[in-house]
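# Structural description and commentary
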Amino acid sequence: MEHATTLDHTEDVYEPSLTPDSLGKLGMWIFLVGDTMSFGALLAAYAALRAGAGVVGWVPPDEILGINLTAGMTFLLICSSVTMVKALESIQNGNVSRMCLFLGLTIAGGLIFLGLQAYEWTHLIKHGLTLTGIPEHGLKSETISGSTLFGPTFYAITGFHGLHVTGGVIYLIVILIHGLRGRYTAEFNHEVEIVGLYWHFVDLIWIMVFTFIYLL
Amino acid sequence: MAQDGHTEHPKYMNIFWWLLGLTVAEVLVVIPDLPIAIKAILLIGMACSKAALVAIYFMHLKFERKTLSAIVITPFLICVFLVIMLMPDLTLDARLDGIVKPATEVVDTSSH
């Protein structure tokens, strides 16, 4: 009796050992926490440079960037997050074909997002927003004295996010191939959950980038 | 890591509608000529709400151990701390303008 009490007490005090499933998830969370710091540092640097430049030294982003297009891109990433959770839900219910369908839709969402970002960058570069300069014509504001730092910060932050989306699409394609080969079941699906964590993180970061770079 | 090996799923479409509604509200906030401080508070508030919805429901933080939530919140707090620590640099020019006296006010004592 006393022995049983001791065992119960031990279970209360100590965390259970990490299993292969939870180890992978914990590893992804640790990576995401580190990545959050990277994006946090980039956004903090952007905020510092912008605030330091004052009103006349910074280009009003809404005069250069297309908010409607990026609002559409935000909608697209939110949709792809929903298809990602639906893929996980499907495999947890044992429905492999449905999981593959939703993974395919998530990949399509990521690819369209990248295509739109490439279109946006091409458009901006053609209009003069480069790493060293801002467009000379077409700005409504007369108070701008010219900030050459807007271009580098914009391309660094959105480019870093775009790289994450690219990595996420490749990661999702690998998981889809495994899924099509029948690797995942209702009992074995933690790899789908882990890729989902990464993909939702990419969505979460875009939510912050959209607000700080495009809207504010 | 999940507290009870969760198999229940939140209503994802409800979360989707919330995220969509907040995104539309964000775009609408930008249109009128509001003071920048009010815009910033509203936009950052809505962005944080959206990020929290994604983390809690899509990333299943709600179903994980509280320890993991604490680990995840930490970098966000550090980022806020980072911005606060940068504040003195942001206002450096304005403060220097107030401290450095214009050259015309300097008294010439060389003749004494």
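Report on the accompanying structure. (Residues numbered from 1 in each chain as written. Chains lettered and ligands numbered in written order. Predicted model: local features only at pLDDT ≥ 70, side-chain atom pairs only at ≥ 80, totals over all residues.)

## Quick notes on the overall build of chain A
Selection rule: The helix and strand labels rest on DSSP assignments: H or I over at least four residues marks a helix, E over at least two residues marks a strand, and numbering proceeds from the N terminus. Each residue is classified by how many other C-beta atoms fall within 10 Å of its C-beta atom, where C-beta atoms are placed from the backbone; a count of 20 or more means buried, 12 or fewer means exposed, and values in between mean partly exposed. Contact criterion: two residues are in contact if their C-beta atoms, reconstructed from the backbone, are within 7 Å.
A tally of regular secondary structure across chain A gives seven helices and zero strands. From first element to last, N terminus to C terminus, chain A shows the α and β order α-α-α-α-α-α-α. Here chain A holds 216 residues, and the buried ones make up 34% of them. Of all intrachain contacts in chain A linking residues separated by at least 6 positions in sequence, the fraction that spans at least 24 positions is 78%.

## Some points on the overall build of chain B
Across its full length, chain B holds four helices and zero strands. Start at the N end of chain B and walk to the C end: the helices and strands fall as α-α-α-α. In chain B, which comprises 112 residues, the share counted as buried stands at 13%. Residue pairs in contact within chain B that sit at least 24 positions apart in sequence constitute 61% of those at least 6 positions apart.

## Comments concerning the interface of chain A and chain B
Our working definition: Following the grouping adopted for this structure description, the nonpolar residues are Ala, Val, Leu, Ile, Met, Phe, Trp, Tyr, Cys and Pro, the charged ones are Asp, Glu, Lys and Arg, and the polar ones are all others, Gly among them.
Contacts between the two partners involve 35 residues from chain A, matched on the other side by 33 residues from chain B. When residues of the side of chain A that touches chain B are traced back to their parent elements, those giving at least two are helix H2 (20-53), helix H4 (67-92) and helix H7 (190-215) of chain A. Looking at which element gives the most residues to the side of chain A that touches chain B, the answer is H2(A), with 14 residues. Here the residues of the side of chain A that touches chain B are counted per class, giving 21 nonpolar, nine polar and five charged.

## Topic: unusual backbone geometry
One non-glycine residue, B:His60, adopts positive backbone phi at about 60 degrees. Taking the C-beta count within 10 Å as the criterion, B:His60 has 22 such neighbours and is therefore assigned buried.

## Brief notes about the packing of helix H1 (residues 12-30) of chain B against helix H2 (residues 36-58) of chain B
All names here are of chain B. The criterion, for reference: Lines fitted to the C-alpha atoms define the axes, with helices restricted to the stretch that makes contact. Angles between their N-to-C directions range from 0 to 180 degrees. Note that the term roughly parallel is reserved for angles under 35 degrees, roughly antiparallel for angles over 145, roughly perpendicular for angles of 65 to 115, and oblique for everything else. Here is the rule for handedness: rotate from the far helix to the near one, and if that takes an anticlockwise turn smaller than a right angle the crossing is left-handed, while a clockwise turn gives right-handed.
It is at 10 Å that the axes of H1 and H2 come closest, and there the two elements cross at 165 degrees. Classified by the angle their axes make, H1 and H2 are roughly antiparallel. Crossing handedness for the pair H1 and H2: left-handed. Residues Ile 15, Trp 18, Leu 19, Leu 22, Ala 25, Glu 26 and Val 29 of H1 lie in contact with H2, whose contacting residues are Lys 39, Leu 42, Leu 43, Met 46, Ser 49, Lys 50, Leu 53, Tyr 57 and Phe 58. Considering only residue class, the contact of H1 with H2 consists of twelve nonpolar, one polar and three charged.

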